[in-house]
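For reference, the chains in residue letters:
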Amino acid sequence: GRARQRQSAAEAAAAAAAAAAADFECVSLGLLAYSVMGVKGLQQFVDHICPAVKVWVDLKEMAEQHQRSHPECSPVVAVDTMACLRYWYTPEAWVHGGQWREYLDSLKRFVNAFSTAGIGLVFFIDGVIEQKKRDEWIKRRLRCNLEIAKIFQYIKANACQPGTEMFFIPSGLATFTRFALKSMGINTKCSLREVDYEVANYARLNECMAILSQDTDFLIYDTVPYLSINKLSLENLSTVMYSRGKLCHSLNLRMADLPLLACLLGNDIVPENTVDRLKYRCLDEYLPNGRTTGQRKQMVAAVAHYICSVDHSHRGLREVERNLPCHSDESLLEKGVESYLLPGQSSPWLPRNKISPVTQQCEMPTCLSHRILQMPSRIQLDCILR
C-alpha cells in the first residue's frame, strides 16, 4: 500500500514539475503558453456554419497586388509566433522534446518559402501577460497541468508515447524559437503589451500585407487581412483568408459591432461564465419554439441577432450590461470593446468622442501572483530524480 502511494506521489510530482517548468518559463520570459486564444465558438462558426468567411488566397498573387497598391514598400506578413509553433514542430517522437536541428530546418524552410516569393516576415513573440488577462491565463495553465498529467498516466500505463490527439508542445520550444529566428537574422519583436494588439497595430501602421495566425481575435480587430497558419501550404504558398467583411455580411453586423460580439461570446477579458446566461437567452429568442437542444452551433448567429436589436450607442451598451450577473464589473463590456480599438479608432458603443489614444509601450510590471509563480517543492523534485 505504501509503495503504491509513493508511486502515485512520484507520478503526480512528475506531472506537477513538468507543468510548473513550462509555466515558469512562460512567466520568466513573459511568454503566453501553448493554447490558442480567441473568441469562444467563433472558429467553429466560421469553419462549419459560415464557410463563406473563409477565402482561399494565393500569397504570391496577394503580394503582387499589395506591391501595386503600395509601390513604396515591399509586402510583409506579421507572424503571430506562438500560434505557429505547432505548424513548425512536427516530430514523431514529440514526447521526448528537443529535436532542435529538425525544428531549425523547419523554420528555415518556412522563411525561405516566403523570401523566395518576395514576402518579408516580422515575427512577434508574447512578452507580457497583462493584468486584465491573468485570471484567464491561470485557468488555461491549470487546464494544461491536467493535460500533462494525462500524458504521464498514459506513459505509465502503456509504456509508450500517446497518439497525436494528446500532443503537447514541449517546454522550451517558444524560447528556442525566439533565439533560432534571431540567429537566422530574422526581424523578431518581443511584445511589451498584449501581443494580439501589437501585431494588429503594427500591421496596420506599417501597411503589412497580412497577419498570419490562428487566433479569432484577429477577425475582430479592424486591421489588415488575417491568414490561417493551419491551412497554409508552403508548396504553393496558399492559405485561407478569414474575411471580416463576409463575417459582417452573414451576421448583418457592422465592423464596429464585432468587438461587442466577441465580448458577448466570451474572450480573454470577458469570462464565458459571465455572459453564458445572456447567450442562452439570445439562443432561446433566436430559435423557433425555443428548441435550443443541440443548437449551440447557432450561438454566434443568435448573439449577433441580439446585437442588431440593441441601440448602437453607449446607452445601448449599458442596457446590455444590465443583463449580466449583478456581481460582474459594471464596465466590463466597455473595457472589452475598448481593448479591440487600435490607436485613433473609435466605437459607437463607447462614450461619444472616446478615441483609443496613441500610447507609448511600457515595461512589464512585476507579477506578484503566487498562483503563477508556484514551483515544485524540493520533496517533489527528489521524488522525480529517484
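Computed from a prediction, not measured in an experiment: that's the story for all the values here.

Participant: Account for the confidence of the model for the protein chain, with residues named and values stated.
Facilitator: Model confidence for the protein chain is summarised by a mean pLDDT of 83, while 80% of its residues fall at 70 or above. Of the regions scoring below 50 in pLDDT, residues 360-373 engages in 19 contacts with residues more than four places distant in sequence or in other chains. Every residue in residues 375-386 is under pLDDT 50, and counting partners more than four places away or in other chains gives 13 contacts.

Participant: Kindly report on unusual backbone geometry, identifying the contributing residues and their values.
Facilitator: Even without being a glycine, Glu207 presents a positive backbone phi close to 50°. With phi around 50°, Leu237 is a residue other than glycine that occupies positive phi space. For Leu237, the location among the structural elements is in the loop between strand S6 (226-228) and strand S7 (238-242). Given the relative accessible area of 2%, Leu237 is considered buried.

Participant: I'd like a rundown of helix H3 (residues 59-69), residues and numbers included.
Facilitator: Structurally, the α-helix is built with 3.6 residues per turn, so residues lying three or four positions apart point the same way. Within H3, the full set of buried residues consists of Leu59, Met62, Ala63 and His66. Projected down its long axis, H3 shows its buried positions confined to an angular sector of 100°, all on one face. Taken together, the buried residues of H3 touch strand S1 (54-58), helix H5 (100-116), strand S5 (210-213), S6 and S7. One side-chain oxygen at the N-terminal end of H3 lies 2.8 Å from the backbone nitrogen of Lys60; it belongs to Asp58.

Participant: Explain the packing of aromatic side chains residue by residue, including any values.
Facilitator: For the coordinates displayed, the defined rule picks out 16 aromatic pairs. Among the aromatic side chains, those forming a connected cluster through ring pairs are Tyr89, Trp94, Trp100, Tyr103, Phe167 and Phe176. Here Arg178 stacks its cationic end above the ring of Phe179, 6.0 Å away from the centre of that ring. The ring of Tyr197 carries Arg193 above its face, with NZ or CZ at 3.9 Å from the centroid.

Participant: How would you explain the pattern of salt bridges if you had to name every residue and give the values?
Facilitator: Oppositely charged side chains are able to pair whenever their charged atoms sit close together. Following the criterion strictly, the structure yields 8 salt bridges and no others. Taking the shortest distance from any N to any O, the salt bridge between Asp257 and Arg254 comes out at 3.7 Å. Judged by its relative accessible area of 1%, Asp257 falls in the buried class. Via salt bridges that share partners, Glu272, Asp276 and Lys279 belong to a single interconnected network.

Participant: Pulling in residues and values, what's your account of the side chain of Asp215?
Facilitator: Along the chain, the position of Asp215 falls in the loop between S5 and S6. The buried category is assigned to Asp215, whose relative accessible area is 4%. A polar contact is formed between the side chain of Asp215 and the backbone nitrogen of Asp217, at a distance of 3.0 Å.

Participant: Would you mind going over helix H13 (residues 314-321) in detail, with residue names and values included?
Facilitator: Those residues of H13 that fall on the buried side of the exposure criterion are Gly316, Leu317, Val320 and Glu321. Buried residues of H13 fall within an arc of 145° about the axis and therefore sit on the same side. If you follow the buried residues of H13, they end up packed against helix H10 (258-265), helix H11 (272-286), helix H12 (299-308) and helix H14 (332-339).

Participant: Break down the nonpolar core for me, with residues and values.
Facilitator: Membership of the largest hydrophobic core comes to 62 residues, with the highest contact counts inside it found for Leu42, Phe45, Leu247, Leu251, Leu261, Leu264 and Leu333. Those residues in contact with Leu42 that sit more than four places away from it in its chain are Thr216, Leu219, Ile220, Leu247 and Val300. Counting 39 residues, the second-largest nonpolar core is a separate cluster that includes Tyr103, Cys144, Ile186 and Ala210.

Participant: Now, about the side chain of Asp217: what can you tell me, with residues and values included?
Facilitator: The residue Asp217 is located in the loop between S5 and S6 in this model. Within the local environment of Asp217, its side chain forms a polar contact with the side chain of Tyr340, the two groups lying 2.7 Å apart. When residues no more than four places from it in sequence are discounted, the contact partners of Asp217 are Gly38, Val39, Asp196, Asp268 and Tyr340.

Participant: Would you mind going over the sheet that holds S5 in detail, with residue names and values included?
Facilitator: The 7 strands are arranged S1-S7-S6-S5-S2-S3-S4 in an open sheet whose pairing can be described as mixed. The open sheet has two edge strands with one neighbour each: S1 and strand S4 (187-190). Averaged over all neighbouring strand pairs, the angle between strand axes comes to 35°, with direction disregarded. Across 3 bridges, strand S2 (residues 76-80) lies against S5 in parallel orientation.

Rules of the game
- Residues numbered from 1 in each chain as written.
- Predicted model: local features only at pLDDT ≥ 70, side-chain atom pairs only at ≥ 80, totals over all residues.
- Heavy atoms only, no water.
- pLDDT = per-residue confidence, 0-100.
- Contact = heavy atoms within 4.5 Å.
- Helix = DSSP H or I, 4+ residues; strand = E, 2+ residues; numbered from the N terminus.
- Buried < 20%, exposed > 50% of the residue type's maximum accessible area, 1.4 Å probe, protein only.
- Arc of directions from axis to C-beta.
- Polar contact = N/O pair within 3.5 Å; in protein donor to acceptor, adjacent residues only side chain to side chain.
- Phe/Tyr/Trp six-rings, centres within 6.5 Å; stacked < 30°, edge-to-face > 60°.
- Lys NZ or Arg CZ within 6 Å of the ring centre and 35° of its normal.
- Salt bridge = Lys/Arg side-chain N within 4 Å of Asp/Glu carboxyl O.
- Core = buried A, V, L, I, M, F, W, Y, C linked by side-chain atoms within 4.5 Å.
- Pairing = 2+ DSSP bridges.
- Axes fitted to C-alpha atoms, helices over the stretch in contact; angles between N-to-C directions.

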